[in-house]
Each structure stands twice: as structure tokens, then as C-alpha cells.
Amino acid sequence: MNSPQVIDVLVVGAGPSGSALAIDLVRRGLVVRIVDRSPHAFDGSRAKGVQPRSLEVLEDLGALDDVLAGGDLYPKLGLHAGPIGVPWKMFPHKEATADVPYPNTWLIPQFRTDRALHTRLNDLGVEVEFGRELTELTQDEDTVVATVVGADGVEEIIARYAVGADGGSSAVRKHLGIGFVGTTDEADRVLIVDASVSGLARNRWHMWPGLGGKLIGACPLPDSDMFQWMIRLTPDEKPPQEIGAIIDRIHSHTRNRHIHLHEIHWTSVFRPNIRLAEHYGRGRVLLVGDAAHVHTPAGAQGLNTGMQDGYNLGWKLGQVLAGADPALLTTYEAERQPIAAGVLGLSTEKWGGIAKLDPSSMKRGKDEQQLSLTYYGGPLAPADCMRTETLRAGDRAPDAELLATDGAPTRLFHLLQGPHFTAIAYGPGAARDLERLDWPTTGAPLNRLTIGPTAAFCDPRNTLRSAYGLTGDTLLLIRPDGYIGHIATTDFLTTTQAAAQAMTPPAGTHTMPQPSNTSPGTGATA
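Residues numbered from 1 in each chain as written. Predicted model: local features only at pLDDT ≥ 70, side-chain atom pairs only at ≥ 80, totals over all residues. Heavy atoms only, no water.

### A word on the sheet that holds strand β7 (residues 106-107)
And then number 1: On the basis of which strands lie adjacent, the open sheet formed by three strands has the order β3-β7-β4 and antiparallel pairing. Strands with a single pairing partner mark the edges of an open sheet, and in this sheet they are β3 (49-50) and β4 (72-73).
And then number 2: Two strands pair when backbone bridges link them, and β3 and β7 are joined in this way by two bridges, in the antiparallel orientation. Paired with V50 across the strands is W106, a residue of β7. (Pairing = 2+ DSSP bridges. Helix = DSSP H or I, 4+ residues; strand = E, 2+ residues; numbered from the N terminus.)

Following this line, the structure appears as C-alpha cells:
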């Protein structure tokens, strides 16, 4: 009997978190399998808001075009009090700028986001294996053994690492025995319904508030005749199931009998879980997304935080599998757990405000957009590092508008796109030391960019200089997940080399296969 092939990473769960992680791993040349216990892709609208930072992540992963095609900007709220409807701007719609190309939260039902990610995975040669449920998980110093059951029987999958992206009731987390600290309010329930609707204007996200936290909301889903309905149930109320009973419930609350539901596409009863995993992994098994943290739906934070978990973890797993110190994986929890804790507080506050009819709870701004999230002060971005006038190590790397030597305009994000690190030398002194920077031949390669009047790229409108707060020669190291790994305004070579050592394999380590789909124009070099 042949021994099973040992793969690099097994991902359990094919929602946005697991799918984003799998895409990032596969484009690094790793052997990945992704399994999901559901018989098919998720078909509900559930998490329908994609934040600006997540749009940037999706662009890098190659799934943005499908997400933009499947969604739209959020409409204004329509707050109903009896027969009167008052328009309310929930989201401040902004114009794109050189440093923030996607400034607005994007309205798209989750099933389309999932399918966009699965399509991208398929393009990379990996299919989600639906109908395969994890039943057992063990590990030793070198591998993880997962037992999965599907229609074709029982299979043992052996991987160097495994990641649980299998939701709030995560089987992976339970197998690891990791506590899930927090609360679940069984008395606070919301019936969510995707339904084809007539008799209701599609240019508003309608809300009918009521005393005591009673609420019905109806958000139009783009490119369809559907609305996502949120019906907050009373503590002892049995959720209506049949379409007639749901219509009666809506009519009794809204007093609008012009509303008609023609077909129910998906329903779910939601309870506001507010929980955070005590740890984000154990040994060779890690957790992302709802397996690590669950939120209220207010503020559209859960899906976005989960995708960015995977985006943070992917490059670190790739580097460790290429020979970097496994201690790099401990920075995943150190960086992402505080983010989730802050998001839990934000979404919980918004949810409580809705129950109190607090208008501010319906406003959305920069806190929800996740552009200002930072790893500053963490293990890969010490607080005593150098900084510029606007940025510190650990901050998001902004976009900028550049010109190549042939006069062709390009966005900095296009140059950052791909599974590599990027070093940006601004000024001749930084450029000289960038040429001397030693980089490992294994793991993620380094893309070297020089910016200046006689360099490979110039900054004619000072968009880079402004967004990055540059006042003189500066060498910046950008991590593969688009966060700043190091800033050097003096002693460029020594300090950058030292910062890179914590994130890269040492010289002479075993060469892992490199992905063949490097993004055009990166000029990545070792």
C-alpha cells in the first residue's frame, strides 16, 4: 500500500477566510487542499459588506474584478416612521485618491464573494472539495493527520500544516481544545431572509425601527430582484418559516401591504455571538476567520477580518515552509488577535446602539473600513523603529501614482501585487544600499524599486512622497501582505537586513518551488 502524499497545507473550510488563504498559498507554489463539509458552495447573502482594505487584498489575490462586477455601492438608508421615509446617509461615499484606490464599502452578497474566490482558486488549478467533513485531527512534530469523510468514504490527509477556517462551530478548534471565550445571547435572534421582492424601492436600504429594539431591515442585493431581510425576533417568538408567515410578519411591523415576497432563496436565524479564541493555533494547526472570532453583523466586520487573517497567515506559512524560523508563525496570533478584539468591541457597540435607536450606530466611517489597522508595536514592528512623517513600521502601505522610465503610468499597488516582498528606495543614497541588500534565494523573492528623477520610476505628482511622508532618502521594506516591514531613514543597509532576517529563511536553506504566475512588471529579484 502506498503512503499518502504529504501536502504542504490542508485548509478546512472554503468560506472567504479559507479561500483567501488557499489562494495566497497556492500562488506561492505550495501544494494545498481545501475541504468543506457543506455539499456545495454557500448560497446566502449573509456577510454582504466588503471593506476598502479587503478590496485591496482581493486585488492582490486576483479576485477583485469578479467582486466588483457582482456588487455595487451601498444605497442610502431609508428610515421609516409610519408612512414617512427619511433618507439617511449611512456610508460617506468618497472619491478614489492616489493613496486609497477603493475608498467605499462594497455591497455584494456573500455567495458572490465566495464564488469569486473559488473561481480564482480554480484558475490556479485547485478545486474546493465539498462534502468532506473533518472527523479526526492529530499532529506530531512534523505533520498533521486529518481524517475526512465524504461520499467516497474515509480518507487520511497528511499535511505539514493545517488551518481551521470552518466557522464559529469549528471542528478544528474543538479538536485542538482551544477555548472560545465570550457570550451568546439566545434571547436576541434575527431571522435573515433572501427573497425576491416587489413593491419596495431598490434605491434604499430600508429600516423600520421600533421600541424595545424591534427592527426590520431590507437591503437590496445588486443585480437581482432580491432583498436581504433582517427581522429581529422577540425573545419568545418562533421564527416564521413559510413565505406567507414571513410576509404577515413584515406587514404587521411595516404597515406596508404593498410589499410582496415572491420566492424565498435562503433563510437563517442569527444569534449575536461575541467570542474570541484563547489562542489562534496549537502546534502545526492554526485558526482563521470565524473559527477564531465571531462578531455581531453590525459594521460588516466579520468576513473582512477573516479574509485578512488568511492574508496575514499565508505569507508566513510560505516562508516557514521555505525554511524561515517557525517562530514567525507566532507573530500571526500576536498581530491578528488584538485586531479581532478591537473589531469585537466595535461591532458590539454598534449592535447595542441599534437596539437603543441610536442614530450614530447606523453611521459607518474609517473605523469600519479597516484602512487604519496597524501592526505597529508588535513583534515585527517594534515601537522604537524609525518612521516617516506619516507612517510607522506595521502600518498599511498606501498606494501611489508613478511613472516608469518609458513614461507609462503605473500604480504602486500593481508593483506590489504578487507573493513577494518589495523594497522601495527613495533617493540615491537609499538606492545604492538597496543594490547591496542581500536577499535569500528561497522563500518569497524581493522586488527592488527605485524612485527618483533618474531611477526606474519617478513620482511626478509627489503622491508617493506625500502618502509616505518622505522628507529625504528612505528605504522601505513592504511585506507580502501590504504592510510596512521596516523603514530606514539612516543606516539603510544594516537595519533593513536585520529586519528582513526575522521574516526570511537563512542562506543555504532548501529551495521550495516558486510560483510561475508572477505579476507583470514586478521585476522580482532575489
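### Describing the pairing of strand β1 (residues 6-12)
And then number 1: With respect to burial, β1 is a largely interior element, six of its seven residues being buried.
And then number 2: Two strands pair when backbone bridges link them, and β1 and strand β11 (residues 153-164) are joined in this way by six bridges, in the parallel orientation. When the bridges of β11 are listed, V9 appears paired with Y161.
And then number 3: As paired strands, β1 and strand β2 (residues 32-36) are joined by four bridges and run parallel to one another. Bridging from a neighbouring strand, V11 pairs with I34 of β2.
And then number 4: Taken together, β1, helix α1 (residues 16-26) and β2 constitute a β-α-β crossover, and its handedness is right-handed. (Buried < 20%, exposed > 50% of the residue type's maximum accessible area, 1.4 Å probe, protein only. Right-handed = clockwise from strand over helix to strand, strands pointing away.)

### Here we look at the pairing of β2
And then number 1: Here β2 lies mainly inside the structure; five of its five residues are buried.
And then number 2: Side-chain alternation along β2 places V32, I34 and D36 on one buried face and R33 and V35 on a second face that is also buried.
And then number 3: Here β2 runs beside strand β8 (residues 129-130); their pairing, made up of two bridges, is parallel. For V35, the partnering residue across the bridge sits in β8 and is E129.

### Description of the confidence of the model for the protein
The predicted coordinates ought not to be read in detail in places where the model reports low pLDDT.
And then number 1: In the predicted model, the protein carries a mean pLDDT of 90, and 89% of its residues have values of at least 70.
And then number 2: Segment residues 509-526: pLDDT under 50, and 45 contacts once partners within four positions in sequence are set aside and those in other chains are kept. (pLDDT = per-residue confidence, 0-100. Contact = heavy atoms within 4.5 Å.)

### What about empty space enclosed by the protein?
And then number 1: Under the defined criterion, the tally for this structure stands at four cavities of 30 Å³ or more.
And then number 2: In terms of lining residues, the largest cavity is bounded by 14 residues, among which E56, D60, Y311, F413 and L416 are the most central.
And then number 3: For the lining of the largest cavity, the element with the highest residue contribution is helix α2 (residues 52-61), accounting for four residues. (1 Å grid on protein atoms, 1.4 Å probe; cavity = no way out; pocket = protein on both sides within 12 Å on 5 of 7 lines; lining within 4 Å. Points joined across faces, edges and corners; volume = space filled by probe spheres on them.)

### What about the pattern of salt bridges?
And then number 1: One pass over the structure, following the stated rule, counts 22 salt bridges.
And then number 2: One salt bridge connects R411 with E59, and the closest N-O pair in it is separated by 2.9 Å. Here E59 lies in helix α2 and R411 lies in strand β23 (residues 409-411), a separation of 352 residues in the sequence.
And then number 3: Under the relative-accessibility criterion, R411 is labelled buried at 19%. (Salt bridge = Lys/Arg side-chain N within 4 Å of Asp/Glu carboxyl O.)

### Here we look at the nonpolar core
And then number 1: With 88 residues, the main nonpolar core has V9, L10, V11, L58, L313 and L317 as its most contacted residues.
And then number 2: With eight residues, helix α7 (residues 302-321) is the single largest residue contributor to this core.
And then number 3: Setting aside chain neighbours within four positions, we find L313 in contact with L21, V163, L286, V288, L329 and Y332.
And then number 4: Counting 22 residues, the second largest nonpolar core, distinct from the first, contains L415, I478, I484 and I487. (Core = buried A, V, L, I, M, F, W, Y, C linked by side-chain atoms within 4.5 Å.)

### Observations regarding the side chain of Q319
And then number 1: In this structure, Q319 sits in helix α7.
And then number 2: Classification of Q319 as buried rests on a relative accessible area of 2%.
And then number 3: Within the structure, the side chain of Q319 is placed 2.7 Å from the backbone nitrogen of A444, a separation counted as a polar contact.
And then number 4: Every residue in contact with Q319, bar those within four places of it in the chain, is listed here: A324, L328, F421, G443, A444, M503, T504 and P505. (Polar contact = N/O pair within 3.5 Å; in protein donor to acceptor, adjacent residues only side chain to side chain.)

### Comments concerning the sheet that holds strand β12 (residues 180-184)
And then number 1: In spatial order, the strands read β12-β18-β21; together these three strands make up an open sheet with antiparallel pairing. What marks the edges here is a single partner per strand, and that holds for β12 and β21 (293-294).
And then number 2: Where β12 lies against strand β18 (residues 273-277), five bridges are found, and the strand directions are antiparallel. Pairing of F180 across the sheet is with A277, part of β18.

### Observations concerning α7
And then number 1: In this model α7 runs 28 Å from its N-terminal to its C-terminal C-alpha over 20 residues, within 8% of the 28 Å that 1.5 Å per residue would give.
And then number 2: A large share of α7 lies buried, amounting to 20 of its 20 residues.
And then number 3: Looking one or two places after α7, you find G323, whose phi comes out positive at around 120 degrees. (Expected span 1.5 Å × (residues − 1).)

### Here's the deal with the side chain of R53
And then number 1: Topologically, R53 is positioned in helix α2.
And then number 2: The class of R53 is buried, set by a relative accessible area of 4%.
And then number 3: Not counting residues within four places of it along the chain, the set of residues in contact with R53 comprises Q308, Y311, Q369, Q370, L371, R396, D481, G482 and Y483.

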